[in-house]
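Structural overview for review
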Amino acid sequence: MQSAKTVLDVLRERGRRGLPLERLYRQMFNFDLYLLAYGNIYSNQGAMTPGASTETADGMSEAKIKQIIEAMRRERYRFSPARRTFIPKKNGKMRPLGMPTWSDKLVGEVVRLLLEAYYEPQFSDHSHGFRPGRGCHTALREVEKTWTGTTWFIEGDISDCFGSLDHEIMVRILSEKIHDNRFLRLIRNMVKAGYLEDWKYHGTLSGVPQGGVVSPILSNIYLSKLDVFAETVLIPHSTRGISRARNPEYERITNQLRQARKNGDRDKAREYQRQMRAIPSGDPSDPGYRRLRYTRYADLSGRPDKSAYADSRIMPPVSYSCWRQPWNATGPSRCACRSM
């Protein structure tokens, strides 16, 4: 088998070129990928936390990896239900947290490495949630640099993001690029493994486990459809005009400045220059000019009134109405705005 670096580099290149993947499942037999996955997660705080069994990173060995690979070859690997516990949120509510077994964590990290290498080059530049080198700060830098002249900010939260992802839609999105039924079947088995709460089994009808290593990349793949919708439909629909009309007040002061300079009145000229610096040259209320910006990020600020994901959009200061815009038949609703 090829080295882990070679495999991931090939996947990144295919992702950049938009080429589909075939026979991806055979990479689940790559011993180097499991070693890389182990190096990524063995030092995590939850590595020694048992799931539904007593298995932890403490019992890891090459023989264990070979055992997992052999089960993968025969398509006999089965994911165990995650042990569910609850952790407190800042708003007083409880957040469910799934703790898979160590073997499932290791296999999940290998899957994450493969999916992230392929899909990361395809994700939108306006997506900042759970991505390498991105986060709330990069989202804020984008807002600071490109959202100049903004008057309206409209923010929407996706409630219970991880727990609301539809499994069939997820597999259908993956199948657009991944032409390997064995790998897709592995993903389906992973998200449908269920969970144990008070040692009672519950099936997983939707969503991905909160705390699973694959959950962030799967949610980004799912929500990339939202990014594409915003960039190809919402933004073109809401864009108007080439440039703003001139601000009448700015034009009036410009004429006064010109006249003061003509008369040689330097004091008045300096005063007019000071006034011009305090107002925009373009008309902020120009009805013929409108721009819409979009960004999506994972909110990790710890504020009690925020959920895992949020997207922000801006509109000009015009009269508007809001309506519920469904995204897919079973997906979450978004709130959009239109001018009247």
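These lines cover the structure that appears in this document, whether it is placed above or below.

How each quantity is defined
- Residues numbered from 1 in each chain as written.
- Predicted model: local features only at pLDDT ≥ 70, side-chain atom pairs only at ≥ 80, totals over all residues.
- Heavy atoms only, no water.
- Helix = DSSP H or I, 4+ residues; strand = E, 2+ residues; numbered from the N terminus.
- Buried < 20%, exposed > 50% of the residue type's maximum accessible area, 1.4 Å probe, protein only.
- Contact = heavy atoms within 4.5 Å.
- Areas by Shrake-Rupley, 256 points an atom, 1.4 Å probe, with all protein chains shown as cover.
- Axes fitted to C-alpha atoms, helices over the stretch in contact; angles between N-to-C directions.
- Nonpolar A, V, L, I, M, F, W, Y, C, P; charged D, E, K, R; others polar.
- Salt bridge = Lys/Arg side-chain N within 4 Å of Asp/Glu carboxyl O.
- Parallel < 35°, antiparallel > 145°, perpendicular 65-115°, else oblique.
- Left-handed = near helix turned anticlockwise from the far one by under 90°.
- Core = buried A, V, L, I, M, F, W, Y, C linked by side-chain atoms within 4.5 Å.
- Pairing = 2+ DSSP bridges.

Moving on, we come to the overall build of the protein. Helix and strand content of the protein: eleven helices and eleven strands. In the protein, which comprises 340 residues, the proportion classed as buried is 41%. Looking at the protein alone, contacts between residues at least 24 apart form 71% of all its contacts between residues at least 6 apart. For the protein, the accessible area works out to roughly 18,600 Å², and carbon and sulfur atoms hold 50% of it.

Now for the packing of helix α1 (residues 4–17) against helix α4 (residues 102–119). Remark: α1 packs on α4, axes separated minimally by 6 Å, with the N-to-C direction vectors making an angle of 35°. Along the contact surface, α1 presents Val-7, Leu-8, Leu-11, Arg-12, Arg-14 and Gly-15, while α4 presents Leu-113, Leu-114, Ala-117 and Tyr-118. Within the contact of α1 with α4, the residues separate by chemical class into seven nonpolar, one polar and two charged.

Applying the stated criterion across every chain yields a total of 18 salt bridges. Residues Glu-13 and Arg-16 are paired through a salt bridge, measuring 3.2 Å at the closest nitrogen-oxygen approach. Note that Glu-13 and Arg-16 are positioned in helix α1 at a spacing of three residues, about one turn of the helix. Accessibility expressed as a relative area gives 34% for Glu-13, which makes it partly exposed.

Quick look at the packing of helix α3 (residues 62–73) against α4 now. Packed helices, taken two at a time, are described by the angle their axes make and the gap between the axes. Where α3 meets α4, the closest approach of the two axes is 12 Å, and the angle between their N-to-C directions is 70°. Classified by the angle their axes make, α3 and α4 are roughly perpendicular. In this structure, α3 meets α4 at a crossing whose hand is right-handed. Note on element contacts: α4 touches α3 through Ser-103, Leu-106 and Val-107, opposite Lys-64, Ile-65, Ile-68 and Met-72. A breakdown of the residues in the contact of α3 with α4 according to their chemical character gives five nonpolar, one polar and one charged.

Now for the nonpolar core. Core analysis: the biggest nonpolar cluster contains 65 residues, and Met-28 and Leu-115 have the highest contact counts within it. Secondary-structure elements contributing two or more residues to this core are α1, α2 (31–41), α3, α4, α6 (161–164), α7 (167–175), α8 (181–191) and α9 (215–238). It is α4 that contributes the most residues to this core, eleven residues altogether. Beyond its immediate sequence surroundings of up to four residues, Leu-115 is in contact with Glu-120, Leu-174, Ile-178, Phe-183, Ile-187, Val-214, Ile-217, Leu-218 and Ile-221. Counting seven residues, the second largest nonpolar core, distinct from the first, contains Tyr-250, Ile-253, Tyr-272 and Met-276.

Another aspect to go through is the sheet that holds strand β7 (residues 200–202). Pairing is mixed across the open sheet formed by four strands, whose spatial order is β3-β2-β6-β7. Bordering the open sheet on either side are β3 (94–99) and β7, each of which pairs with just one other strand. Adjacent strand axes in the sheet meet at a mean angle of 40° when their direction is disregarded. Bridge count between strand β6 (residues 195–197) and β7: three bridges; the pairing is antiparallel. By the bridge assignment for β7, Leu-196 is matched with Tyr-201.

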